[in-house]
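Here's the letter readout for the chains.
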Amino acid sequence: MIQENLFQVEQKIEEACKRAGRKREEVTLIAVSKTKPVSMIEEAIQYGIKDFGENKVQELVEKIGYLEEKEETLRWHLIGHLQRNKVKYIVDKVCMIHSVDSIRLAEQIQEEAKKKHIIVDILAEVNIAKENTKFGLQEEEVSFFIENVAKFDNIRVRGLMTVAPFVENPEKNRVFFEKLRKLNIDIKSKNIDNVTMDVLSMGMTGDYEVAIEEGATMVRVGTGIFGYRNYANLES
Ligand SMILES: *Cc1c(COP(=O)(O)O)cnc(C)c1O
């Protein structure tokens, strides 16, 4: 099943790149493996996936532990809300934290990164559709946030991330993806030290093709690769 799903997702990514006049290499597919067993991750690895996304610190740390011998070849992305007291567990284990949305959280990342003598790549999460159920900075706050985070020596701001609204028709999210790309360009043009703005993490199973057409450089696909998640079984 995973092989077939990956094949279809890959095809759709290629077609979306073609429609947008973009190169396939410009888009990284992140397989979102949250709630799914390590065996499924191993299967995806077999078919060439190297980038995995998780949204919970404990689950991420456990999975990295199980896959330790493959660690060198894998890239883990933290895509979910991060609490400050958990930063220390993952700061040197992930290749990117997609969900940074407060100066206080950035401060904590800076502190832990400095202790470990590393530089951490982060994205600013933006609540681009202004949904009150979602995490993320408001569009108007993003510039100020990034200018301040840029002062932290052990953090590099790579770009922006958003979780678009859940919609039946992905075309409805096009306007939000376009907004995020424009915001990214605005900030990039300021040429701030430690701020590269070369990453746009947007698009999930329901809307990644539209996101690619609008400039996504990372798409986060879970259900489309691993199937539906069953949260009811997770308690055991
Ligand atoms: C779960 C999740 C995804 C993947 O969602 P699907 O709709 O299953 O592709 C992407 N991004 C974030 C932040 C998520 O939490």
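Located above this text is the structure these notes cover.
Residues numbered from 1 in each chain as written. Predicted model: local features only at pLDDT ≥ 70, side-chain atom pairs only at ≥ 80, totals over all residues. Heavy atoms only, no water.

Next up on the list: the nonpolar core. Core analysis: the biggest nonpolar cluster contains 69 residues, and Phe-52, Ile-97, Ile-109, Ile-146 and Leu-160 have the highest contact counts within it. For this core, the element with the most residues is helix 1 (residues 2-20), which contributes six residues. Leave out the neighbours within four places in its chain, and Ile-97 touches Leu-78, Leu-82, Ile-90, Ile-109, Val-120, Asp-121, Ile-122 and Leu-123. The next biggest cluster of nonpolar side chains, apart from the first, holds six residues, and it includes Ile-30, Leu-123, Met-161 and Met-218. (Core = buried A, V, L, I, M, F, W, Y, C linked by side-chain atoms within 4.5 Å. Buried < 20%, exposed > 50% of the residue type's maximum accessible area, 1.4 Å probe, protein only. Helix = DSSP H or I, 4+ residues; strand = E, 2+ residues; numbered from the N terminus. Contact = heavy atoms within 4.5 Å.)

Let's shift gears to the pairing of strand 6 (residues 155-161). Within a regular beta strand, the side chains point alternately toward one face of the sheet and then the other, so they alternate between its two faces. Burial within strand 6 is extensive, with six of its seven residues counted as buried. Bridge count for strand 5 (residues 120-125) against strand 6 is six bridges, and the pairing is parallel. Across the sheet, Leu-123 pairs through a bridge with Gly-159, a residue of strand 6. Pairing between strand 6 and strand 7 (residues 195-201): four bridges, direction parallel. Within strand 7, the position partnered with Met-161 by the bridge is Ser-201. Of the crossover connections in this fold, the one passing from strand 6 over helix 7 (residues 174-188) to the parallel strand 7 is right-handed. (Pairing = 2+ DSSP bridges. Right-handed = clockwise from strand over helix to strand, strands pointing away.)

Moving on: the site of the ligand. In the region of the ligand, the neighbouring residues are Val-32, Lys-34, Ile-79, Met-161, Val-163, Met-204, Thr-205, Arg-220, Val-221, Gly-222, Thr-223 and Arg-229. For the ligand, whose free accessible area comes to 390 Å², the fraction covered by protein is 88%. Along the lines of polarity and charge, the residues of the shell around the ligand split into six nonpolar, three polar and three charged. (Near = heavy atom within 4 Å. Areas by Shrake-Rupley, 256 points an atom, 1.4 Å probe, with all protein chains shown as cover. Nonpolar A, V, L, I, M, F, W, Y, C, P; charged D, E, K, R; others polar.)

Moving on: the side chain of His-98. Within the secondary structure, His-98 is located in strand 4 (residues 96-100). We classify His-98 as buried; its relative accessible area is 0%. Side chain to side chain, His-98 and Ser-201 meet in a polar contact 2.9 Å long. When residues no more than four places from it in sequence are discounted, the contact partners of His-98 are Ile-30, His-77, Leu-78, Ile-79, Leu-123, Ala-124, Glu-125, Met-161, Ser-201, Met-218 and Arg-220. (Polar contact = N/O pair within 3.5 Å; in protein donor to acceptor, adjacent residues only side chain to side chain.)

We now examine the side chain of Arg-220. One can find Arg-220 in strand 8 (residues 218-221). No salt bridge is formed by the buried Arg-220. Its closest oppositely charged neighbour is Glu-125, at 7.0 Å. Separated by 2.9 Å, the side chains of Arg-220 and Ser-201 make a polar contact. Non-local contacts of Arg-220, meaning those with residues more than four positions away in its chain, are made with Ile-30, Val-32, Ile-79, His-98, Met-161, Thr-162, Val-163, Ser-201, Met-202, Gly-203, Met-204 and Thr-205. (Lys, Arg positive; Asp, Glu negative; His and termini not counted. Salt bridge = Lys/Arg side-chain N within 4 Å of Asp/Glu carboxyl O.)

Attention now moves to unusual backbone geometry. One non-glycine residue, Thr-35, adopts positive backbone phi at about 70°. Take Thr-35: it is sitting in the loop between strand 1 (28-32) and helix 2 (38-46). Unusually for a residue other than glycine, His-117 sits at a positive phi of about 55°. Relative to the elements of secondary structure, His-117 occurs in the loop between helix 5 (103-115) and strand 5.

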